[in-house]
Amino acid sequence: MVILLKENAEAKKLQKLMEMLEAKNVSVKMTEGQHQTILGLVGDTTEIDIEQLHALDIVEDVKRIQEPYKRANRKFHPLDTVIKVGDVAIGGGNFTLIAGPCSVESSEQLCTVARGVKEAGAHLLRGGAFKPRTSPYAFQGLRGEGIKLLLEAKAETGLPIVTEIMDLSQLPLFSEVDVIQVGARNMQNFELLKELGHTKKPILLKRGLSSTLQEFVMSAEYIMSGGNPNVILCERGIRTFETATRNTLDLSAVPMLKQMTHLPVVVDPSHATGLAKLVAPMSYAAAACGADGLMIEVHNDPQHALCDGSQSLTPEAYAQVVKGVMAIRECTASIE
Ligand code: PEP
Ligand code: MN
């Protein structure tokens, strides 16, 4: 971090600033020019509040040289993080297939889909029990009952389960859930992230609807700084001016995030496009650009789904996508 001081900065105030910086355990190197003085900060500056520095009347400008995230940063952790969920390894060259309905609707629906996606090669079963819906009149999910059904489907198929938490108060219901999902709308629910940082559960963190990659990684940092290193990032499309698709799938986020962080990055082409027809091509593209996995919505009867039917694949169509993805993985295996 570099601090540029105003001309003729008052010595007393400068002394106070130096003491404040030294208390943060960074060393300060002062370079005095004819008109301007620059303070170069060396050490871990993640805990220094840049806004606070900007507010000081002796400070002209502050520039962060290092990223504000440390635990998620690939610079300090060059190897890929591999997250174990039962026998499934996520990240580090593995390709993880997460699939299931948008919402858990009934035992029959969930078990039919779970069997179908397992047969197609899925490693984890997804299904929403608590649903973040735009309309309060839309199906809100089966809540605790939905989690019970997911656990039953897990007992039948052996597939570990992924489901979304929307509020801290729901956490006790998640004790047997294998991967806790934080949805796009809660990516910056910092109290929730902090609390999830105190668990050891793998967290699938979805990118916020209009979040930058740095904001996304900072949310992962919230979970990690609480002591939970098991974060999986999920690119699920962002809001743009385009209306032909539900969101715009930002595939450049995949190689970018993998450069910024050591965490696994999966892609959700279902919410990214909102269109079942686009799920296959976007899945292939995600596999080709280095994603660590895919989360895809699958329904046994998409036309009658209680949520997101238009972006859901049938188990048969999902099986075809998995085949295509595996073929792409083989083609790209030899490209560095
Ligand atoms: C979901 O995966 O069910 C979901 C609601 O996704 P998102 O948070 O990405 O909208
Ligand atoms: Mn959905």
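Residues numbered from 1 in each chain as written. Chains lettered and ligands numbered in written order. Predicted model: local features only at pLDDT ≥ 70, side-chain atom pairs only at ≥ 80, totals over all residues. Heavy atoms only, no water.

> Any chance you could explain the packing of helix α3 (residues 107-120) against helix α10 (residues 315-332) here in plain terms?
Geometry of a packed helix pair, given as the angle between the helix axes and the separation of the axes. Between α3 and α10, the shortest axis-to-axis distance is 9 Å and the interhelical angle comes to 20°. Comparing their axes, α10 and α3 come out roughly parallel. The chirality of how α3 crosses α10 is right-handed. Taken together, the residues of α10 that come into contact with α3 (itself represented by G116, V117 and A120) are P315, Y318, A319 and V322. Its residues placed into classes, the contact of α3 with α10 shows 6 nonpolar, 1 polar and no charged. (Axes fitted to C-alpha atoms, helices over the stretch in contact; angles between N-to-C directions. Helix = DSSP H or I, 4+ residues; strand = E, 2+ residues; numbered from the N terminus. Parallel < 35°, antiparallel > 145°, perpendicular 65-115°, else oblique. Left-handed = near helix turned anticlockwise from the far one by under 90°. Contact = heavy atoms within 4.5 Å. Nonpolar A, V, L, I, M, F, W, Y, C, P; charged D, E, K, R; others polar.)

> Could you clarify how one ought to interpret the coordination of the manganese ion (ligand 2) in this entry?
Listed as protein donors to the manganese ion (ligand 2) are C102 (SG), H271 (NE2), E297 (OE) and D308 (OD); their distances from the metal cover 2.0 to 2.4 Å. As a motif over one chain, the donors of the manganese ion (ligand 2) read C-x168-H-x25-E-x10-D. Of the two residues, H271 is situated in helix α8 (residues 269-273) and D308 in the loop between β14 (293-297) and α10; the sequence distance between them amounts to 37 residues. D308 matches H271 in its accessibility class, with the two residues each being buried. (Donors = N, O, S within 2.8 Å, 3.2 Å for Na, K, Ca; no water. Buried < 20%, exposed > 50% of the residue type's maximum accessible area, 1.4 Å probe, protein only.)

> How should the site of ligand 1 be read in this particular structure?
Around ligand 1, the neighbouring residues are R126, K131, P132, E164, Q181, G183, A184, R185, K206, R236, H271 and E297. Between A184 and ligand 1, the recorded distance is 2.8 Å, taken from a backbone N or O atom to an oxygen atom. One nitrogen or oxygen atom from the side chain of R236 is found 2.6 Å from an oxygen atom belonging to ligand 1. Of the residues contributing to the shell around ligand 1, the split by class is 2 nonpolar, 3 polar and 7 charged. (Near = heavy atom within 4 Å. Polar contact = N/O pair within 3.5 Å; in protein donor to acceptor, adjacent residues only side chain to side chain.)

> Before we go on, may I ask you to explain the side chain of Q181 in this structure?
Of note, Q181 is situated in strand β10 (residues 179-182). Under the relative-accessibility criterion, Q181 is labelled buried at 5%. Ignoring any residue separated from it by four or fewer positions in sequence, one finds Q181 in contact with R126, V162, T163, E164, I165, L204, K206 and M295.

> Would you mind going over the pairing of strand β3 (residues 37-42) with me for this structure?
Taken residue by residue, a regular strand's side chains alternate between the two faces of the sheet. Where strand β1 (residues 2-5) meets β3, 3 bridges bridge the pair, whose relative direction is antiparallel. Bridge assignment links L4 to a residue of β3, and that residue is I38. Sheet topology places strand β2 (residues 27-32) next to β3; 6 bridges connect them, and they run antiparallel. Directly across from T31, in β3, lies its bridge partner I38. What sits between the antiparallel neighbours β2 and β3 is a turn of 4 residues. (Pairing = 2+ DSSP bridges.)

> Help me out: how do you make sense of the pattern of salt bridges in this one?
Side-chain pairs of opposite charge can arise whenever the charged atoms involved come near each other. Considering all chains together, one arrives at 16 salt bridges under this definition. Across the salt bridge formed by D308 and R246, the nearest N and O atoms sit 3.2 Å from each other. Of this pair, D308 sits in the loop between β14 and α10 while R246 sits in the loop between β12 (231-235) and α7 (253-260); the two residues are 62 residues apart in sequence, bridging distant segments of the chain. Under the relative-accessibility criterion, D308 is labelled buried at 17%. Overlapping salt bridges, with partners in common, bring together E10, K13 and D57 in one network. (Salt bridge = Lys/Arg side-chain N within 4 Å of Asp/Glu carboxyl O.)

> Is there a simple way to think about the layout of surface pockets in this case?
Using a probe with the size of a water molecule, rolled over the atoms, empty space left in the structure can be pinpointed. Here the largest pocket is characterised by a volume of approximately 540 Å³. Lining the largest pocket are 23 residues, and of these T46, E47, P68, M218 and E221 lie nearest its centre. Mapped by element, the contributors of at least two residues to the lining of the largest pocket are α2 (50-54) and α6 (213-225). The element best represented in the lining of the largest pocket is α6, accounting for 7 residues. Grouping the amino acids of the lining of the largest pocket by side-chain chemistry returns 7 nonpolar, 6 polar and 10 charged. Summarising the domain contributions, the lining of the largest pocket has at least three residues from each of domain 1 (2-63) and domain 2 (83-335). The calculated volume of the second largest pocket comes to roughly 340 Å³. Taken together, 25 residues line the second largest pocket, and the ones lying closest to its centre are P132, R185, R246, H271 and D308. Top element by residues in the lining of the second largest pocket is strand β9 (residues 161-165). It accounts for 3 residues. In terms of residue class, the lining of the second largest pocket is made up of 6 nonpolar, 8 polar and 11 charged. (1 Å grid on protein atoms, 1.4 Å probe; cavity = no way out; pocket = protein on both sides within 12 Å on 5 of 7 lines; lining within 4 Å. Points joined across faces, edges and corners; volume = space filled by probe spheres on them. Domains from an automatic or database assignment.)

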